[in-house]
Amino acid sequence: MLNAVGFCQEWNVDLETAKSKAIAQNKNILLVFSGSDWCSRCIELERKVWQSEEFKAEADKNWILLRADFLQKKGESEPVDINDPKIILTERYNRNGFFPYIVLLDKYGRVIERDGYEQFNTAKEYIEYFKKLGKK
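Here's a quick rundown of the structure. (Residues numbered from 1 in each chain as written. Predicted model: local features only at pLDDT ≥ 70, side-chain atom pairs only at ≥ 80, totals over all residues. Heavy atoms only, no water.)

### Description of helix H5 (residues 123-133)
Definition in use: Whether a residue is buried, partly exposed or exposed follows from its accessible area with a 1.4 Å probe, protein chains only, as a fraction of its type maximum: under 20%, in between, or over 50%, in that order. The helix count covers DSSP runs of H or I at least four residues long, the strand count covers runs of E at least two residues long, and both are numbered beginning at the N terminus. To be clear, the arc concerns the directions from the helix axis to the C-beta atoms.
Taken together, the buried positions of H5 are occupied by Ala123, Tyr126, Ile127, Tyr129, Phe130 and Leu133. For H5, the angular spread of the buried residues around the axis is 165 degrees, confining them to a single face. Across from the buried face of H5, at angles greater than 90 degrees, the exposed residues are Lys124 and Lys132.

### Regarding unusual backbone geometry
That bond from Phe99 to Pro100 is cis: its omega, -20 degrees, falls within 30 degrees of zero. Structurally, the position occupied by Pro100 is in the loop between helix H4 (85-93) and strand S6 (101-105).

### A look at the packing of aromatic side chains
Heads up, the rule is: Each pair of aromatic rings taken from Phe, Tyr and Trp, with Trp reduced to its six-membered ring, is defined by centres within 6.5 Å and is described as stacked if the planes are under 30 degrees apart, edge-to-face if over 60, and tilted in the remaining cases. Charges are assigned to positions over rings by a cutoff of 6 Å between ring centre and Lys NZ or Arg CZ, combined with an angular limit of 35 degrees from the ring normal.
One pass over the full model with this rule turns up 14 aromatic pairs. Look at Phe55 and Trp63: their rings are 6.0 Å apart centre to centre, the planes differ by 15 degrees, and that puts the pair in the stacked class. Note on Phe70 and Phe99: the rings are 5.5 Å apart at their centroids and 75 degrees apart in plane angle, and the pair reads as edge-to-face. With Phe70 in the loop between strand S3 (63-69) and strand S4 (72-73) and Phe99 in the loop between H4 and S6, this residue pair connects regions lying 29 residues apart in the sequence. Residue classification places Phe99 among the partly exposed positions, given a relative accessible area of 29%. Site record: aromatic cluster; members linked through ring pairs are Trp11, Trp50, Phe55, Trp63, Phe120, Tyr126, Tyr129 and Phe130. The ring of Trp11 carries Arg67 above its face, with NZ or CZ at 4.0 Å from the centroid.

### Overview of the packing of helix H2 (residues 40-50) against H5
Note the cut-off: Helix axes use the C-alpha atoms of the stretch in contact, all axes being lines fitted to C-alpha atoms, and the angles between their N-to-C directions lie in the range 0 to 180 degrees. Angles below 35 degrees are treated as roughly parallel, those above 145 as roughly antiparallel, those between 65 and 115 as roughly perpendicular, and all remaining angles as oblique. What makes two residues a contact is simply this: any of their non-hydrogen atoms within 4.5 Å. Polarity classes work like this: nonpolar for Ala, Val, Leu, Ile, Met, Phe, Trp, Tyr, Cys and Pro, charged for Asp, Glu, Lys and Arg, and polar for all others, with Gly in that last group.
Put simply, H2 and H5 touch, their axes get as near as 8 Å, and they point 90 degrees apart. As summarised for this structure, H2 and H5 are arranged roughly perpendicular, according to the angle between their axes. Contacts between H2 and H5 involve Leu45, Lys48, Val49 and Trp50 from the first element and Ala123, Tyr126 and Phe130 from the second. Of the residues belonging to the contact of H2 with H5, the class tally is six nonpolar, no polar and one charged.

### Focus: the sheet that holds strand S2 (residues 28-34)
Sheet strands line up and pair through hydrogen bonds in the backbone, either parallel or antiparallel. Formally: Between any two strands, pairing holds if DSSP finds at least two bridges.
Across the sheet, five strands lie side by side as S1-S3-S2-S6-S7; this open sheet has mixed pairing. The open sheet has two edge strands with one neighbour each: strand S1 (11-12) and strand S7 (111-115). With four bridges joining them, S6 and S7 adopt antiparallel strand pairing. In the strand pairing of S7, Val103 is matched with Arg114. Strands S2, S3, S6 and S7 of the sheet are contacted by H4, whose axis makes an angle of about 105 degrees with S2.

This is the structure we're talking about:
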């Protein structure tokens with residue numbers, strides 16, 4: 001049997017789970033609002049940043065990842081369920097419904113910084129930007 005070598009990237013979908021992990025590991029939470037099957041910039045970030053080995057390695061060291069992904073299967077929006085974790089995240093952190101939208105939270109879920117899409121060319125530039133957000 002072959003062993004896979006690399007970084008396993010775990011995206012949480014529930015804030016309480018992410019906070020528990022962040023407290024246990026003493027890390028901030030990187031929350032991403034996306035529309036991974038319809039938002040062109042979200043798709044670009046997925047390809048350029050989130051799936052890069054460089055980001056996976058840095059994320060494993062620095063952040064607990066949390067995602068609210070709003071899919072539109074075949075152009076139709078999902079029905080709204082007010083108990084859905086991504087709706088709860090949106091109500092709390094992204095009331096204007098921006099996509100993509102990145103919110104850096106402390107381990108208790110308090111906002112450190114928020115920002116939208118940045119036009120960087122590499123995963124490394126995004127990583128440095130995320131680190132900089134945490135130092136503001």
